[in-house]
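# Coordinate analysis (summary)
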Amino acid sequence: MEKQSETKLDNPVWNALAETHSAFAIDYGNTKFYNPDYCTFGGFSELESTFDAIRQYACLTESFFIVGEKPCLPDSLKIEKELVCLQMIVYNKIEQPINNEIVKLTEKHNDDLVHLVNLVQPGYFKNKTASLGNYYGIFKDNQLIAVTGERMKMNDFTEVSAIITHPDHTGKGYAKQLIAHCVNTIFDQNKIPFLHVVESNVGAIALYEKLGFITRREMSFWNIK
């Protein structure tokens, strides 16, 4: 795949909603948002378009994110925080032993999936987020204890997301196995995997680097309320 096509990763929400995920888009012209039942992310191609789009989208959900450059806001709304993330990318399959059964999650697992992700990272994972891609889990004693899945999707790239292990089961290598499985499945679809991680999460960054991810750039997630 041509390296120059990576420029689409500079505006991941916009390009996902213009390509593979167009069916999930609420389209305000030069600003697009995900339907908030699935994900509360937005992106834009023209800064001036964000003012009206944000005002309209705020009627649908009380808290959401613009990903990328800083948007223009109406006075009635404010930026609650700027989450500075590293956007990381991997170019080769991950060679990692898989010694736990990895289950492709279905609708019957959705309640357990939503509960686990929001236990560890509250607020990001919506009831229909799992419809955006494939999610994989590891179970112990019929309990879902670790997951990883796909969120934003473009024609050439798929975001690895919801890398979550239950606090009682960390340190056992579950995340490594799930990331490897998810990443290698994405490569089998002829797409390149990428992810976003908060820059202060040094433990996660070290794990991703060990698995072969490299930092491509910083990416701001502007939380608007």
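First, a word on what this report is: a plain description of the structure on this page.

About the cut-offs
- Residues numbered from 1 in each chain as written.
- Predicted model: local features only at pLDDT ≥ 70, side-chain atom pairs only at ≥ 80, totals over all residues.
- Heavy atoms only, no water.
- Buried < 20%, exposed > 50% of the residue type's maximum accessible area, 1.4 Å probe, protein only.
- Helix = DSSP H or I, 4+ residues; strand = E, 2+ residues; numbered from the N terminus.
- Pairing = 2+ DSSP bridges.
- Right-handed = clockwise from strand over helix to strand, strands pointing away.
- Arc of directions from axis to C-beta.
- Contact = heavy atoms within 4.5 Å.
- Core = buried A, V, L, I, M, F, W, Y, C linked by side-chain atoms within 4.5 Å.

Counting buried residues along strand E9 (residues 157–165), nine of its nine residues qualify, which places the element largely inside the surrounding structure. For strand E8 (residues 143–153) and E9, the ladder comprises five bridges, and the chain directions are antiparallel. Bridge pairing in E9 links Ala146 to Thr165. A loop of three residues connects E8 with E9, the two strands running antiparallel in sequence. Bridge analysis of E9 against strand E10 (residues 192–198) gives three bridges, and the strand direction is parallel. Residue Phe157 lies in a different strand from E10, and its bridge partner there is Ile192. For the handedness criterion, the β-α-β arrangement of E9, helix H4 (residues 174–188) and E10 is classed as right-handed.

Let us look at helix H5 (residues 202–210). Every buried residue of H5 is listed here: Ala204, Ile205 and Tyr208. Across the axial projection of H5, the buried residues extend over an arc of 100°, all falling on one side. Residues Val202 and Lys210 are exposed on H5 and point more than 90 degrees away from its buried face. Those residues of H5 that are buried lie in contact with strand E5 (79–89), E9, H4 and E10. Of the residues one or two after H5, Gly212 is the one with positive phi, at around 115°.

Membership of the largest hydrophobic core comes to 27 residues, with the highest contact counts inside it found for Met88, Ile179, Val183, Leu195, Val197, Tyr208 and Phe213. For this core, the secondary-structure elements that each account for two or more residues are E5, strand E7 (135–140), E8, E9, H4, E10 and H5. It is H4 that provides the largest number of residues to this core, a total of nine residues. Dropping the residues within four chain positions of it, Ile179 is found in contact with Ile94, Thr148, Ile163, Leu207, Tyr208, Leu211 and Phe213. Core analysis: the next-biggest nonpolar cluster, separate from the first, contains 22 residues, Tyr34, Phe41, Leu83 and Phe221 among them.

These figures come from the coordinates and say nothing about function on their own.
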